[in-house]
Amino acid sequence: METNISGFVCCLVAALLFANTWKGDFVYDDSRAIVSNEDLRPSSSWMDLWRHDFWGTRLEHAGSHQSWRPLCVLSFRLNYFWSGLNPKSYHVVNVILHSLVTLCLTLLVQPIIRRRWIRWIVSLAFAVHPIHCEAVASIVGRAELGAALHTLVALLAYRAHLKARGRRRSRYQANKEATSNTKEDRRQEEEEEEKGDEERQRIGKKRKRIESLMESTTRAHRNPFENRQSLLSLFIRRVTICCCWSHPLKKIQYRVTSLTSASNNLHKRDQQQQRRHHQPDDQHDHHHQQKEDGDEFARKRWRSNDKKKTKKDEPLKKGFGCCCVYLWTSLTAAALAILWKETGMVAIPLCAAMELTQHFQVGSTRRQLPSNRQSSDRSNRHLVQQERCENKKTMAYGNLTLLGAVWAGQLGLRMYMLGGESTTALPWFAAADNPVSRDASLLTRTLTFLHLPAFNFGLLLWPAWLSFDWSMDSISPVTRFNDPRNVATFFFYAGLAALLTKTLNQFKERDGCRKHSKLIVTALSFLVLPFLPASNLFFYVGFVVAERVLYMPSIGFCLLLGAGLEKTMDLTQSKKCGPTKRDKFIRLMLTTCFGATLILWSVRTFQRNGDWSSEEQLYRSGIPINPAKAYGNLAAILAREHRQAEAEHAYRQALAHRPNMAETHFNLALLLQSQGRHQEASSSYLQSIHYRPNLAAAYLNLGLLLSKQQGQHEQAVHWLSACSQLDGSGVRDPQAHRHSQIQALVSWGQLELARGHPETSIQLYKQAIRRTPTNLQQVQLVYHSLAEAYQSVGNYLESERWFKAAVDQVQESNSRQQQQANTRQQYNKRTMKTSSSGSDGLQTSRSDQVAAHLTYARFLAKNASRHDEAEQLFRQAQLMAPTDPAVYMLTGQFLLEASRPREAAEFFVRAAHLAPADFEAVFNAATTLREVKELDRAELFYRKAVQLRPDDVTVYRNLGALLHVKGQWREAEDNYQLALRLVPNDRVTLTNLNRLHQLVAARSKSQQQPNVGVNNNSSPLTPQQATATTES
């Protein structure tokens, strides 16, 4: 009952404390692991989960992190299937996993911590510890949660296996002893029967002598004065009987009595057997039942009944089945733990440590033998106990051998996945991620990496300073022996060694391993074993300190905290019976101190969860610890929100702390380019290429920037060509690298096409296709560019084929996502859930399909004989995107070119209503309506265009011409004057204004001379009334 209450309360506390993470977004590594990971999409194969790493990169790729976590990625994919890219569902799953881990820890500490209030402190400390914020609040921390959960399940199942095995072994030994004792009793009975025959003969002789003595004594006693000799013989016989025959008489009397009773029983049994032959069958059965019920001799023989032996065999079989079930459950959970994260490999060593502590622990109670056992049984007790120890050793060594074989298989599988098929090298990481590993000094590397475990233990002890990243110069290296941090390192390892030595010495004591020692062994195992792969002591990893890797070691820290409290209470507890006032006071003080600590940890956890809710807050919180990386990431967020001044300041601050950050130079160049500061942007691009020569995006953007400047064509081609030929081995993001190279080939092809080299551009486009672009927008770009290149050389068949291929690609992708959306909708109906975020991917695919249809329709519209097909494609685009103004704009342009202005006007008007702030839509609607003589509606749209662009001379000129035609001459003249203010020497406006003056003069003259007509050539000129065109 206590376990249920404590487990429920601790789970509830963990869930409520981390509930504020539900409103968080995708932050930091979440974007790459989830948002841009193609393995989560329904278009990818399920087998890619086993062939790709955690970030969606092929394991055999040189730039792969080798972080093989298929079960974690599978959970992300199920989240995506359930709710798309809604971050709330991902955070909810993380909180549930953390609550389950807390529950498993509560079950784990139940039998190894004696005091209930200490068990509560240990479970609550794990539930609220601030070091867990990164593992729970960051979605990619789910790998830690899953590995810890399966590791604890494996330990709980293995402990149940040990318990079931102990019960089965006790029953087996008791049954074996009962069988051996039964055989011994039978042998002793046979010996007693043989001795009984000899005893009968000896007793017969002695009985005759005693009877003669008793007879003569009786006679002398009856008449003592009959003869003096009789008196003397009476005295002698009395003394002889009392002194010499007292013990033999008792023995003889006992033997005679026992033998007489036994012989009487045997005689009765023989008589009953003889009578049975003369009785009927039914009487025989009844008599046999009475005999079994009344046979006192057979019923009092202990452990000689065969029915008891049969009943004892049934629990043995059941116990063996439970042992196997628990054992294989433990091994299965341990095997699944490694599929969540590499730290799951410690599940098997932790089970082995539990086996060793159980092996060195002496059994709780020994079975007491009955009081009526013979002396020969008592002499064999030592042999029985020795046999029990041998059986325990055999079973323990067998389990350890099985655990070692399973762990070797896990290690071999992980090493195979680490090496892939082509290389056995360890994962590559940048020098900035772990700068100490690239230090040339062996002393610096040794002292620093020895200090890191002590530093991590300090984070567990006092988690006040936390950061999203501890790379670069967050922790300065320890370069000399007189560094004060070496003192902390020494005391950490000294305390660890002292605790381990004391625990091992307790195993050598006669009373075996007590609960306190077992608790310390479990705590040290959890504290040390999961941390070893990330300690940089055996091989270098891609980080210096990572808070999420401390999730499983924090279990050992909390258990060690409980062990310290247990030891403190044992040392301070008085020897008197019952708790004294002093004991209660010490317990109250400890409970108060640790209660206050738990409250402080809870407040820190709640505050830290708020930091992980958005990227801006997260990066601002990391500025005091890692300013270079924090400022660089913060600047990228500010630039995305168009806060350019703050973003530039943050970039400058990041480079001031660490000037060799290539990505920061690249992002600063993007910001400067968006502001039109091309010279500074080019310099920043060159700096990023200098510090990272394989940064393909810098080559691409520099080439595109130079291609827009006159006289820089050769330089642009040089950088684009260099980008397409970069080696992709060792890059962090192979997909982005390949995307940049394909874009460079397409841009290079467009430059060659603009220079009049279509054949070269066609070859470049085909080379881009051979790079197998995976992004749908990039596929469309390559196909459309190749189709336009073929169109420029007059190969319309090939051009149409590639335009149609782009449409087919989008339709195929749309059908897959439509099927996935239908499946998700059916799932939501079955589970009575609603999800609005699942249509994001479908909407993206539909917009791509609309663009493909419009591009293909515009191509067909150039051929007058295929206008019907083009119009059909435009209609399909309208059905797919009924609220997209670009669809109606392009359709109206097609109809206008087909000499159908009235229909075109309606499409332009619809586009203007859908996009009232789009100047081109409003202006085209006004111009087309003027052409079809709908002057009032045209005037309305022209006035809207004036509000959108008050400094555009074309709008004033066309509006003035419209008012000129309608006869509103004064207002028309005002618009002409406004147009001349913007462009004083505009020929069309001056001509229209002169004609307007002539018309006004003619009208005034006609009023004076009624017979004079008006000049017919006074209508305004509107040569700039052609509709604007838009590109898809």
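This is a predicted model, so every value here is computed, not measured. Numbering of residues starts from 1 in each chain and follows the order in which that chain's sequence is written. Only residues with pLDDT of at least 70 are given local features in this predicted model, and only at 80 or more are side-chain atom pairs given and counted; all residues enter the totals for whole chains, interfaces and linings. Note that water and hydrogens are dropped before the side-chain values are worked out from all heavy atoms of the structure.

Only DSSP runs of H or I covering at least 4 residues are called helices, and only runs of E covering at least 2 are called strands; the numbering of each starts at the N terminus. Counting its secondary structure elements, the chain contains 41 helices and 0 strands. A simple rule labels every residue: compare its accessible area, found with a 1.4 Å probe on the protein chains alone, to the largest value its type can have, and call it buried under 20%, exposed over 50%, or partly exposed in between. Residue burial in the chain is summarised as follows: out of 1032 residues, 46% are buried. A sequence separation of at least 24 residues applies to 68% of the contacts in the chain between residues at least 6 apart. Summing over all exposed atoms, the chain offers an accessible surface of approximately 54,100 Å²; the carbon and sulfur share of this is 56%. In what follows, a contact means two residues having at least one pair of non-hydrogen atoms within 4.5 Å. Computed with the Shrake-Rupley method and a 1.4 Å probe, the accessible areas treat only the protein chains shown as cover for residues.

Moving on, we come to a nonpolar patch on the surface. Together, L450, L537, F538 and F539 give the surface a local cluster of nonpolar side chains, amounting to about 380 Å² of exposed area. When you line up the elements, F538 lands in the loop between α19 (515-528) and α20 (553-572). Note that patches include only residues with greater than 30% relative accessible area and no salt bridge, and the join distances are 9 Å for like charges and 5 Å for nonpolar side chains (Val, Leu, Ile, Met, Phe, Trp, Tyr). Salt bridge, as used here: a side-chain nitrogen of Lys or Arg that lies within 4 Å of a carboxyl oxygen of Asp or Glu.

Each residue after the first adds 1.5 Å to the expected span of a helix. The end-to-end C-alpha distance of helix α25 (residues 662-674), which contains 13 residues, comes to 19 Å, matching closely the 18 Å that a straight helix rising 1.5 Å per residue would cover. Three or more residues of α25 are buried, namely A662, T664, H665, F666, L668, A669, L671 and L672. Buried residues along α25 sit in contact with α23 (627-640), α24 (644-657), α26 (678-691) and α27 (696-707).

In contact at an axis separation of 8 Å, helix α37 (residues 919-931) and helix α38 (residues 935-948) are set at 155 degrees when each is read in the N-to-C sense. Regarding the angle of α37 to α38, the classification is roughly antiparallel. Pair α37 / α38 crosses with left-handed handedness. Residues F919, V922, F923, A925, A926, T927, L929 and R930 of α37 touch α38, and the partners they reach there are L935, R937, A938, F941, Y942, K944, A945 and L948. Residues of the contact of α37 with α38, tallied by class, amount to 12 nonpolar, 1 polar and 3 charged. Note on method: axes are straight lines fitted to C-alpha atoms, helices fitted across the in-contact stretch only, with angles between N-to-C directions ranging 0 to 180 degrees. Should an angle lie under 35 degrees it is considered roughly parallel, over 145 roughly antiparallel, and from 65 to 115 roughly perpendicular; all remaining angles are considered oblique. Crossing handedness: left-handed means the near helix sits turned counterclockwise from the far one by under a right angle, and right-handed means the same turn made clockwise. For this scheme, ten residues count as nonpolar: Ala, Val, Leu, Ile, Met, Phe, Trp, Tyr, Cys and Pro. Four count as charged, namely Asp, Glu, Lys and Arg, and the remainder, Gly too, count as polar.

Turning our eyes to something else, we now look at the pattern of salt bridges. Any two side chains of opposite charge can pair, on the condition that their charged atoms come close. Within the structure shown, the criterion is met by 31 salt bridges. Here R640 ties to E615 by a salt bridge, and the two come within 3.7 Å at their closest N and O atoms. Of this pair, R640 sits in helix α23 while E615 sits in helix α22 (residues 615-621); the two residues are 25 residues apart in sequence, bridging distant segments of the chain. Judged by its relative accessible area of 59%, R640 falls in the exposed class. Linked by salt bridges that have partners in common, E616, R620, E641, R643 and E646 make up one network.

Next up on the list: the state of the cysteines. Counting rule for disulfides: a pair of cysteine sulfur atoms within 2.5 Å. Summed over the entire model, instances satisfying the criterion amount to 0 disulfides. Of all cysteine sulfurs, the one in C11 lies closest to C104, which takes part in no disulfide; the gap is 8.3 Å.

Within 6.5 Å between ring centres, the rings of Phe, Tyr and Trp (the latter by its six-membered ring) count as paired, and their orientation is classed by plane angle as stacked under 30 degrees, edge-to-face over 60, tilted in between. Under the criterion given, the structure shown has 19 aromatic pairs. On the numbers, 6.0 Å between centres and 55 degrees between planes, the contact of W50 with W68 is tilted. One end of the pair, W50, is in helix α3 (residues 48-51); the other, W68, is in the loop between α3 and α4 (70-83), with 18 residues separating them in the sequence. The class for W68 is buried, based on a relative accessible area of 4%. Judged by centre distance (5.2 Å) and plane angle (75 degrees), the rings of F492 and Y493 are edge-to-face. Among the aromatic residues, ring-to-ring pairing joins F457, F492, Y493 and F557 into one connected group.

Further remarks concern the side chain of S474. Secondary-structure assignment places S474 in the loop between α17 (442-461) and α18 (485-507). What qualifies as a polar contact is a pair of N or O atoms within 3.5 Å, subject to a donor-acceptor requirement within protein and to the restriction that residues adjacent in sequence count only when both atoms come from side chains. Separated by 2.7 Å, the side chain of S474 and the backbone oxygen of S471 make a polar contact. Only 3.4 Å separates the side chain of S474 from the side chain of N626, close enough to count as a polar contact. Apart from the residues within four sequence positions on either side, S474 is in contact with D469, I625 and N626.

Okay, the packing of helix α28 (residues 713-724) against helix α29 (residues 734-754) next. Where α28 meets α29, the axes come as close as 8 Å, and the angle between the chain directions of the two elements is 150 degrees. Taken together, the axis directions place α28 and α29 in an arrangement best described as roughly antiparallel. Here α28 and α29 pass one another in a crossing that is left-handed. Residues H713, A716, V717, L720, S721, C723 and S724 of α28 pack against S740, Q741, A744, L745, S747, W748, L751 and E752 of α29. Along the lines of polarity and charge, the residues of the contact of α28 with α29 split into 8 nonpolar, 6 polar and 1 charged.

As a per-residue quantity, pLDDT reports the predictor's confidence and falls between 0 and 100. Taken as a whole, the chain shows an average pLDDT of 76; of its residues, 72% reach a score of 70 or greater. Within the model, the stretch residues 276-318 combines pLDDT values under 50 with 34 contacts to residues more than four positions away or in other chains. Note on residues 1011-1018: pLDDT is under 50 here. Beyond four places in sequence and across chains, it has 7 contacts.

Tracing the chain through its elements places Q977 in helix α40 (residues 969-982). On the basis of relative accessible area, Q977 is assigned to the partly exposed category, the value being 33%. Taking the C-alpha atoms as reference, Q977 lies 8.6 Å from T989; in sequence the two are 12 residues apart.

Here we take up the side chain of D39. Within the secondary structure, D39 sits in the loop between α2 (30-35) and α3. Residues scored as charged are limited to Lys and Arg (positive) and Asp and Glu (negative), so that His and the chain ends carry no count. Summary of buried charges: D39 has no salt-bridge partner, and the nearest side chain of opposite charge, R77, is 6.3 Å away. Dropping the residues within four chain positions of it, D39 is found in contact with S44, D48, L49, H52, D53, G56, V73 and R77.

Here A334 shows up in helix α13 (residues 306-340). Relative accessible area serves as the criterion here: at 0%, A334 is assigned to the buried category. Between the C-alpha atoms of A334 and W407, which are 73 residues apart in sequence, the distance is 9.1 Å. With residues up to four places along the chain from it excluded, the contact list for A334 reads A154, G344, A347, I348 and Q410.

In this section: the environment of Q358. Within the fold, Q358 resides in helix α14 (residues 347-359). For Q358, a relative accessible area of 27% corresponds to the partly exposed category. Spatially, the C-alpha atoms of Q358 and R159 are 9.4 Å apart, while their sequence positions differ by 199 residues. Beyond its immediate chain neighbours, meaning those up to four positions away, Q358 contacts L162 and K518.

Next up on the list: unusual backbone geometry. The phi dihedral of H642 is positive, around 65 degrees, even though this residue is not glycine. Residue position: H642 is located in the loop between α23 and α24. For H642, a relative accessible area of 68% gives the class exposed. Positive phi is not limited to glycine here, since K933 has a value of about 70 degrees.

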